[in-house]
Amino acid sequence: MKLYTYDPAPSPQRLAFFMKYKGIEIDTQQIDMMAGEHLGDEYRAIVPEGTVPALVLEDGTVFAEVIGICTYLEALYPEKPLFGSTPLEKGLVSSWDSKVLTMLFMAVAEALRNSSPGFKGRALPGELDLEQIPELAERGKKRLMWGWEKFDKSLADGRRWLAGDNFSFADIDLTVCAGFSGWVKCSPPEDLVNLQAYLARAREEMGA
Ligand SMILES: N[C@@H](CCC(=O)N[C@@H](CS)C(=O)NCC(=O)O)C(=O)O
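About the cut-offs
- Residues numbered from 1 in each chain as written.
- Predicted model: local features only at pLDDT ≥ 70, side-chain atom pairs only at ≥ 80, totals over all residues.
- Heavy atoms only, no water.
- Domains from an automatic or database assignment.
- Contact = heavy atoms within 4.5 Å.
- Buried area = accessible area lost by both parts, 1.4 Å probe.
- Salt bridge = Lys/Arg side-chain N within 4 Å of Asp/Glu carboxyl O.
- Polar contact = N/O pair within 3.5 Å; in protein donor to acceptor, adjacent residues only side chain to side chain.
- Helix = DSSP H or I, 4+ residues; strand = E, 2+ residues; numbered from the N terminus.
- Near = heavy atom within 4 Å.
- Areas by Shrake-Rupley, 256 points an atom, 1.4 Å probe, with all protein chains shown as cover.
- 1 Å grid on protein atoms, 1.4 Å probe; cavity = no way out; pocket = protein on both sides within 12 Å on 5 of 7 lines; lining within 4 Å.
- Sits in = over half its atoms within 2 Å of the grid points.
- Nonpolar A, V, L, I, M, F, W, Y, C, P; charged D, E, K, R; others polar.

Participant: Is there a simple way to think about the domain arrangement of the chain in this case?
Facilitator: When the parts of a complex come together, some accessible area is lost, and that lost area is often used as the size of the interface. Per the domain assignment, the segments making up the chain are domain 1 (2-76) and domain 2 (87-206). Taken residue by residue, the interface counts 18 residues in domain 1 and 16 residues in domain 2. Summed over both partners, the interface of domain 1 with domain 2 comes to about 1,300 Å²; 70% of that surface belongs to carbon and sulfur atoms. Considering only the surface of domain 1 that becomes buried against domain 2, Pro 10, Arg 14 and Tyr 21 emerge as the three largest contributors, covering 44% of it. Where domain 1 meets domain 2, there are two salt bridges. Summed over the shared surface of domain 1 and domain 2, the number is three residue pairs in polar contact (both at pLDDT 80 or more). Broken down by element, the side of domain 1 that touches domain 2 gets its largest block of residues, eight residues, from helix α1 (residues 10-22).

Participant: Explain the site of the ligand to me, please; I cannot follow it from the model alone.
Facilitator: Residues in contact with the ligand amount to 16 residues; listed here are only the nearest, Val 52, Glu 65, Val 66, Arg 113 and Arg 122. At 2.3 Å from an oxygen atom of the ligand is found a side-chain nitrogen or oxygen belonging to Arg 122. Residue Gly 126 places a main-chain N or O atom 3.3 Å away from an oxygen atom belonging to the ligand. Protein chains bury 84% of the 510 Å² of accessible surface belonging to the ligand in isolation. More than half of the atoms of the ligand fall within 2 Å of the grid points belonging to the largest pocket. Of all the elements, α1 adds the most residues to the shell around the ligand, at three residues. Its residues assigned to classes, the shell around the ligand comprises eight nonpolar, five polar and three charged. Taken together, domain 1 (2-76) and domain 2 (87-206) each give at least three residues to the shell around the ligand, which thus spans both.

Laid out in structure tokens, this is it:
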């Protein structure tokens, strides 16, 4: 199998930390997003979505979603599970990961892609060219600051990780998202002490 990715981008980082934690190595090619390689004919012939990361299997299957790639790899490499071991854990990991993506990750993307000059006419990743809506950038920042507070309050119960006792992919996604939020100058506020302590713990666990 072959992985196409671009190390500095947030979605590729989600996958990179997943692979690092589990010790998975795959033949990898960098697709230079800054040079627009992800939108070029050569890459689009392999990955029509024009997004990174993407995993291409020997039989021609193309995974263009981080969650699909990680689910596939978790099944191939079950050691050090990141999607939970018991039915309860699996449900909790999926629930928390979905909250991280919808409440936080999408809010950062909304803020960034609707304000940065580099994304003019490209307000969504991938195939569909859309104009920016400045109000969405402001809304994204509001959603994000609200989301940080919700996560901080939730972590006030003192649990170690989002889904309980075991580190999971939801923790990787939250930690990557906290870094990504710096791109729109909306990092988690220092006074959210539960969230800050959690993030320090997660970064250490991930070697981030
Ligand atoms: N559906 C993908 C989306 C991945 C994604 O948005 N990747 C960004 C990089 S972080 C991208 O490829 N953007 C392409 C663009 O901006 O046109 C997933 O969740 O894995």
